[in-house]
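Coordinate inspection notes
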Amino acid sequence: MLYKVNEVFETIQGEGSFTGQPAIFIRLQGCPVGCSWCDTKHTWSVHPELELSLDGVLAKSAETEQWSAVDAAQLLVLFQAQGYQARHVVITGGEPCMYDLRPLCQALHDKGYQTQIETSGTFDIQVPAKSWVTVSPKIGMKGGYKVLQSALDRANEIKHPVAMDKHIEQLLDLLSSTDLTGKLVYLQPISQQTKATQLAIAYCKKHNWRLSVQVHKYLGIE
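To keep things clear, this report deals only with the structure shown in the data block. Note that the coordinates shown come from a computational prediction; the quantities given were computed from them, not determined experimentally.

Attention now moves to the packing of aromatic side chains. Counted according to the given criterion, the structure contains six aromatic pairs. Measuring from centroid to centroid gives 5.3 Å for F9 and F25, while their planes differ by 5°, and the two rings are stacked. Taken as a pair, F9 in strand β1 (residues 3-12) and F25 in strand β2 (residues 22-28) lie far apart in primary sequence, 16 residues in all. A relative accessible area of 7% places F9 in the buried class. Given a relative accessible area of 7%, F25 falls into the buried group. Ring pairs connect the aromatic residues F79, Y84 and Y113, which therefore count as one cluster. We note K4 situated over the ring of W67; from NZ or CZ to the ring centre the distance is 5.5 Å.

As a further point, take the packing of helix α2 (residues 72-82) against helix α3 (residues 102-110). The contact between α2 and α3 brings their axes to 9 Å, and the two run at 40°. Accordingly, the angle class assigned to the pair α2 and α3 is oblique. As for how α2 packs across α3, the hand of that crossing is right-handed. Between α2 and α3, the residues in contact are A72, L75, L76 and F79 and P103, L104, A107 and L108, respectively. Grouping the constituent residues of the contact of α2 with α3 by class yields eight nonpolar, no polar and no charged.

Let us now look at the nonpolar core. Of all hydrophobic cores here, the largest spans 48 residues; its most connected members are F79, I91, L101 and L187. Residue contributions to this core peak at five residues, all from α2. Residues within four places of L101 in sequence aside, it is in contact with Y3, L28, I91, P96, I117, Q126 and V127.

Reading the values: the criteria
- Residues numbered from 1 in each chain as written.
- Predicted model: local features only at pLDDT ≥ 70, side-chain atom pairs only at ≥ 80, totals over all residues.
- Heavy atoms only, no water.
- Phe/Tyr/Trp six-rings, centres within 6.5 Å; stacked < 30°, edge-to-face > 60°.
- Helix = DSSP H or I, 4+ residues; strand = E, 2+ residues; numbered from the N terminus.
- Buried < 20%, exposed > 50% of the residue type's maximum accessible area, 1.4 Å probe, protein only.
- Lys NZ or Arg CZ within 6 Å of the ring centre and 35° of its normal.
- Axes fitted to C-alpha atoms, helices over the stretch in contact; angles between N-to-C directions.
- Parallel < 35°, antiparallel > 145°, perpendicular 65-115°, else oblique.
- Left-handed = near helix turned anticlockwise from the far one by under 90°.
- Contact = heavy atoms within 4.5 Å.
- Nonpolar A, V, L, I, M, F, W, Y, C, P; charged D, E, K, R; others polar.
- Core = buried A, V, L, I, M, F, W, Y, C linked by side-chain atoms within 4.5 Å.

This is the structure we're talking about:
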């Protein structure tokens, strides 16, 4: 199984339940959802002429639409060659659930890594049972994709981006048909806006939800 990889890097997870956890990020190429506030729009399109070798992807010095087709074994070799020490692997995008992630996640689990998937919830989630799934529901985006109930049901945490009251109303509507037993719910202010942060704090207190503040952006790291 080949995966179109835009970048691989080691950092600190800055969002949700694993905030502060050293992590290896695998960012996959391709996403048709069309989120207006997306901060990785360079991962949306897959242009065949922009395919690179894996070494070429590693050598990139800026965000680009270039990608490399690699399998799980190549990624594991890369982790060793780069000297990565983190044991937590975040598979993100783009929209990673456009891919069948089971072969990749299983290969990582077999080598002692734990996996976390970051998805919009608009595609079927194909991962092993032990993978941690973070669903950040993207509602009413220009791509026209709907958030799947099956994705919400599979989620270990639901991390909802918010900037205004309507985003809370949309989340409450989604949650009304979801059994939240054992799930964590986070609000994440969009673009660290002061008003959005104040709104998120108020609703976290009201509903006993949690706040995710994108720590990596405050620290100025990837």
